[in-house]
Amino acid sequence: MTVTALPTNVRDLGITRYEPVFAEMQTYTRARDDNSADEVWLTQHHPVFTQGQAGKPEHIFDAGEIPIVQSDRGGQVTYHGPGQITAYLLFDLRRLGIGVRDLVCGMEKAMLHTLGVFGVEGYARQDAPGVYVDGNKIGSLGLRVRRGCSYHGLSLNVDMDLTPFDRINPCGLTDIGVTHIADFATVALPETEEVLLSALETQFEITLRRPGRS
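The paragraphs below set out a description of the structure included in this document.

Criteria and thresholds
Residues numbered from 1 in each chain as written. Predicted model: local features only at pLDDT ≥ 70, side-chain atom pairs only at ≥ 80, totals over all residues. Heavy atoms only, no water. Helix = DSSP H or I, 4+ residues; strand = E, 2+ residues; numbered from the N terminus. Rg over C-alpha atoms; globule rule 2.2 N^0.38 Å. Buried < 20%, exposed > 50% of the residue type's maximum accessible area, 1.4 Å probe, protein only. Areas by Shrake-Rupley, 256 points an atom, 1.4 Å probe, with all protein chains shown as cover. Lys, Arg positive; Asp, Glu negative; His and termini not counted. Charge placed at Lys NZ, Arg CZ, Asp CG, Glu CD. Expected span 1.5 Å × (residues − 1).

## Focus: the overall build of the protein chain
Alright, step 1. On a plain count of helices and strands, the protein chain comes out with 4 helices and 11 strands.
Alright, step 2. Here the protein chain has a C-alpha radius of gyration of 16 Å; the compact-globule value for 214 residues is 17 Å, and the two agree.
Alright, step 3. In terms of overall dimensions, the protein chain has C-alpha extents of about 45 × 35 × 35 Å along its principal axes.
Alright, step 4. Within the protein chain, buried positions represent 55% of all 214 residues.
Alright, step 5. Element-wise, carbon and sulfur atoms account for 49% of the exposed surface of the protein chain, whose accessible area totals about 9300 Å².
Alright, step 6. Looking at the protein chain, you have 19 positive and 27 negative side-chain charges, and the mean spots of the two groups are 8 Å apart.

## Here we look at helix H4 (residues 189-204)
Alright, step 1. With 16 residues, H4 ought to run about 22 Å at 1.5 Å a step, and its terminal C-alpha atoms sit 22 Å apart, in line with that.
Alright, step 2. Where H4 is concerned, the buried positions are Leu 189, Thr 192, Glu 193, Val 195, Leu 196, Leu 197, Ala 199, Leu 200 and Phe 204.
Alright, step 3. Phi turns positive, to about 50°, at Glu 205, one or two residues after H4.

So this is what it looks like as structure tokens:
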């Protein structure tokens, strides 16, 4: 991999609704050119089920009061909610000198490193992208690439209400449960965000520019 000459901007969006952030990612990706900076957007979403392009309606059992949004990312259904870090990676893959598989592996390794910092042993699966602990999913991936530039990204369960996952087959998988870091360690979300950002910085050999820092 090669190091981009531009720093990668980090945007902390706070707690957001999914649809406006999804639309803004599309807009940014359509408008960017060779001089546009890469960005990492951090957010926690209000409760929402999102269906990827391969999503099947039968994998949502009972959405109840939680909205369902059709997304253009890869993959199937997942849940986003407070207490979960969602990191959107808006990268120019050609400028970074990486492919989609490199991006997927890098995100998995960054999440695995983050878990390790908190004493949690996770692993990836060849047959199902994401990160797992003791047979349960803890980190999810979903991407879209347009003209060599990625958007969407990863979600890592930190300390959240996991019960909405009971209403779906997470990512279309029927043989797993769902867990979060709080099942194994005392954890704070801001600290976890910083660990994850540092891991992404290392994995993709980029320089992150945090809000309020030069």
